Amino acid sequence: MSAATRCPGCPSGMKGPGKYLCLGCWNTLPMASRRLLNRRDSRAFARLRQLHTQLDRGVPLTDIRITA
Ligand SMILES: [Zn+2]
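So, here's what we can say about the structure. (Residues numbered from 1 in each chain as written. Predicted model: local features only at pLDDT ≥ 70, side-chain atom pairs only at ≥ 80, totals over all residues. Heavy atoms only, no water.)

Describing the environment of Ser 12
- Along the polypeptide, Ser 12 turns up in the loop between β1 (5–6) and β2 (14–15).
- Spatially, the C-alpha atom of Ser 12 lies 21 Å from that of Arg 49, the residues being 37 residues apart in sequence. (Helix = DSSP H or I, 4+ residues; strand = E, 2+ residues; numbered from the N terminus.)

Some remarks on the coordination of the zinc ion
- The protein atoms that coordinate the zinc ion are Cys 7 (SG), Cys 10 (SG), Cys 22 (SG) and Cys 25 (SG), at distances spanning 2.3 Å.
- Every donor counted, the four donor atoms about the zinc ion form angles of 104 to 112 degrees at the centre, which fits tetrahedral coordination.
- Each donor residue of the zinc ion lies on one chain, and together they are spaced C-x2-C-x11-C-x2-C. Remark: Cys 22 occurs in the loop between β2 and α1 (23–28) and Cys 7 occurs in the loop between β1 and β2; sequence separation between them is 15 residues. Assigned by exposure class, Cys 7 and Cys 22 land together as buried. (Donors = N, O, S within 2.8 Å, 3.2 Å for Na, K, Ca; no water. Tetrahedral: all angles 85-135°; square planar, octahedral: opposite > 155°, others 65-115°. Buried < 20%, exposed > 50% of the residue type's maximum accessible area, 1.4 Å probe, protein only.)

What about the side chain of Ser 33?
- Here Ser 33 lies in helix α2 (residues 31–38).
- Only 2.7 Å separates the side chain of Ser 33 from the backbone oxygen of Ile 64, close enough to count as a polar contact.
- When near neighbours in sequence (up to four residues on either side) are disregarded, Ser 33 contacts Ile 64, Arg 65 and Ile 66. (Polar contact = N/O pair within 3.5 Å; in protein donor to acceptor, adjacent residues only side chain to side chain. Contact = heavy atoms within 4.5 Å.)

Focus: the pattern of salt bridges
- Under the counting rule described, the total for this entry stands at one salt bridge.
- Between Arg 47 and Asp 41 there is a salt bridge, and its shortest N-O distance comes to 3.2 Å.
- Looking at Arg 47, the relative accessible area reads 3%, which means it is buried.
- Judged by relative accessible area, Asp 41 falls into the partly exposed class, the value being 38%. (Salt bridge = Lys/Arg side-chain N within 4 Å of Asp/Glu carboxyl O.)

Details of the side chain of Gln 54
- Structurally, Gln 54 can be placed in helix α3 (residues 44–57).
- The contacts of Gln 54, once residues within four sequence positions are left out, are Val 59, Asp 63, Ile 64, Arg 65 and Ile 66.

So, the nonpolar core
- The biggest cluster of nonpolar side chains holds 17 residues, and the ones touching the most others in it are Tyr 20, Leu 21, Leu 29 and Leu 51.
- Elements with a minimum of two residues in this core: α1, α2 and α3.
- Looking at which element gives the most residues to this core, the answer is α3, with four residues.
- In contact with Leu 21, not counting residues within four places along its chain, are Cys 7, Pro 8, Gly 9, Lys 15, Trp 26, Leu 29, Leu 51, Leu 55 and Leu 61. (Core = buried A, V, L, I, M, F, W, Y, C linked by side-chain atoms within 4.5 Å.)

Laid out in structure tokens, this is it:
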């Protein structure tokens, strides 16, 4: 699986394999959220869930907060 897939954060972006968002959306996230999402440990999946939950609710990228 190496093909780019649809970015969940915007209507037209494509994200690379292993990425959570396209580069444009990623760069729009608050720095603190990006730092947490970049950690790959046992909580990584829980953080990804938080990101997707907020995207589903329509939270703006600039307001997405990761707490795990
Ligand atoms: Zn995007």
